[in-house]
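# Breakdown of the fold
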Amino acid sequence: DAKTTQPPSMDCAEGRAANLPCNHSTISGNEYVYWYRQIHSQGPQYIIHGLKNNETNEMASLIITEDRKSSTLILPHATLRDTAVYYCIVRVPDYKLSFGAGTTVTVRA
Amino acid sequence: EAGVVQSPRYKIIEKKQPVAFWCNPISGHNTLYWYLQNLGQGPELLIRYENEEAVDDSQLPKDRFSAERLKGVDSTLKIQPAELGDSAVYLCASSLETGTGELFFGEGSRLTVL
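None of these values were measured; they are calculated from a predicted model. (Residues numbered from 1 in each chain as written. Chains lettered and ligands numbered in written order. Predicted model: local features only at pLDDT ≥ 70, side-chain atom pairs only at ≥ 80, totals over all residues. Heavy atoms only, no water.)

Residue and element names in this part refer to chain A. Within the structure shown, the criterion is met by 2 disulfides over all chains. Note on cysteine connectivity: Cys 22 is disulfide-linked to Cys 88, with sulfurs 2.1 Å apart. Between Cys 22 and Cys 88, the disulfide has an S-S torsion of -85° and is therefore left-handed. Note that Cys 22 is positioned in strand β2 (residues 18-23) and Cys 88 in strand β8 (residues 84-91), a separation of 66 residues in sequence. (Disulfide = S-S within 2.5 Å. Helix = DSSP H or I, 4+ residues; strand = E, 2+ residues; numbered from the N terminus.)

Right, here's the structure in full:
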């Protein structure tokens, strides 16, 4: 598995976009980028994933750089309920999902 | 649709005692996972089942941990005997397809060993 690097923590203002960075400079051509989040006292929740194209769903957008060495998860309008630990994971298909320490995101009113 | 159900949510035991955790995955999900999460860290995979077969148990400490999924639906994770260092959250997850990275997690079972 390629390793990922995320900032340990970040704050953002309620109602503003939250941009969560992730570096994965050793990613291989067949490794996907996944994002999960974990709200306090709950299990992790899948957010989005992508290979090389940008992806968007009802929760977030995923922007992957052209060289695929980094990505950004965008929460378009952060709410207090988005306060959580966000995990960026790179994964080969049919291989285990390996979580790192993630980024603790605090949304402030 | 019901999510992944785990029980108990909380368990406090003394060291050397046995403990068991139960998981019922989402209906129709053939793949089931048990993860361990220590305080302040990300979850770590213990074991993965495809139906009733354990296809990846390389991270399961087999001297004291065991798991089963006899009918390919619900699963039990057991620790016997428990040690102080086993205090953690035990998470169960399931997925619809083999090989997918989209897992659905339960709320976890928090174990405290005294």
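What follows continues from the structure just given.
Take the pattern of salt bridges next. Residue and element names in this part refer to chain B. Following the criterion strictly, the structure yields 7 salt bridges over all chains and no others. Notably, a salt bridge pairs Arg 9 with Glu 107, separated by 3.6 Å at the nearest N-O pair. Within this pair, whereas Arg 9 is found in the loop between β1 (5-7) and β2 (10-13), its partner Glu 107 is found in the loop between β10 (104-105) and β11 (109-113), the two being separated by 98 residues in sequence. Residue classification places Arg 9 among the partly exposed residues on the basis of a relative accessible area of 27%. (Salt bridge = Lys/Arg side-chain N within 4 Å of Asp/Glu carboxyl O. Buried < 20%, exposed > 50% of the residue type's maximum accessible area, 1.4 Å probe, protein only.)

Before going further, it helps to spend a moment on the layout of surface pockets. If you roll a probe as big as a water molecule over the atoms, it shows you where there is empty space left. All names here are of chain B. Computed from the structure, the largest pocket encloses a volume of approximately 600 Å³. In terms of residue count, β11 provides more of the lining of the largest pocket than any other element does, 4 residues in total. Taken together, the residues of the lining of the largest pocket sort by class into 12 nonpolar, 15 polar and 3 charged. (1 Å grid on protein atoms, 1.4 Å probe; cavity = no way out; pocket = protein on both sides within 12 Å on 5 of 7 lines; lining within 4 Å. Points joined across faces, edges and corners; volume = space filled by probe spheres on them. Nonpolar A, V, L, I, M, F, W, Y, C, P; charged D, E, K, R; others polar.)

Overall, the coordinates contain 1 cavity of 30 Å³ or more when judged by the stated rule. The space that makes up the largest cavity amounts to roughly 50 Å³. Arg91(A), Asp94(A), Tyr95(A), Lys96(A), Leu97(A), Tyr33(B), Tyr35(B), Arg48(B), Gly99(B), Thr100(B) and Leu103(B) are the residues that line the largest cavity. Split by residue class, the lining of the largest cavity holds 5 nonpolar, 2 polar and 4 charged.

On to the interface of chain A and chain B, then. Between chain A and chain B, the residue contacts involve 16 residues of the former and 20 residues of the latter. Around 1,400 Å² of area is buried between chain A and chain B when both sides are counted, 49% of it from carbon and sulfur atoms. Inspection of the chain A/chain B interface yields 8 residue pairs in polar contact (both at pLDDT 80 or more). Elements represented by at least two residues in the side of chain A that touches chain B include exactly β3 (32-38) and β8 of chain A. (Contact = heavy atoms within 4.5 Å. Buried area = accessible area lost by both parts, 1.4 Å probe. Polar contact = N/O pair within 3.5 Å; in protein donor to acceptor, adjacent residues only side chain to side chain.)

Right, let's get into the sheet that holds β1(B). Residues and elements named next belong to chain B. Reading across from one edge, β1-β3-β8-β7 is the order of the 4 strands in this open sheet, with antiparallel pairing throughout. The sheet is open, and its two borders are formed by β1 and β7 (65-68), each paired with just one other strand. Neighbour-to-neighbour, the strand axes of this sheet turn through a mean angle of 15°, independent of strand direction. Sheet topology note: the strand β3 (residues 19-24)/strand β8 (residues 75-79) ladder contains 5 bridges and is antiparallel. The residue bridging Val 19 from the neighbouring strand is Ile 79, located in β8. (Pairing = 2+ DSSP bridges. Axes fitted to C-alpha atoms, helices over the stretch in contact; angles between N-to-C directions.)

Time to look at the environment of Val92(A). Residue and element names in this part refer to chain A. Inspection of the secondary structure assignment puts Val 92 in the loop between β8 and β9 (103-108). With 89 residues separating them in the primary sequence, Val 92 and Lys 3 have C-alpha atoms 12 Å apart. The contact partners of Val 92, leaving out residues within four places of it in the chain, are Asn 30 and Glu 31.

Structurally, the position occupied by Val90(A) is in strand β8. On a C-alpha basis, the gap between Val90(A) and Glu31(A) in space is 5.9 Å, while along the polypeptide they are 59 residues apart.

Turning next to the pairing of strand β9 (residues 88-95) of chain B. All names here are of chain B. For β9, a buried count of 8 out of 8 residues is recorded, marking the element as mostly surrounded by other parts of the structure. On β9, burial covers both faces: Ala 88, Tyr 90, Cys 92 and Ser 94 on one face and Val 89, Leu 91, Ala 93 and Ser 95 on the other are all buried. Alignment of strand β4 (residues 31-37) against β9, held across 7 bridges, turns out to be antiparallel. Looking at the pairing, Thr 31 lines up with Ser 95 of β9. Here β9 runs beside β10; their pairing, made up of 2 bridges, is antiparallel. The residue of β10 that forms the bridge with Ala 93 is Phe 105.

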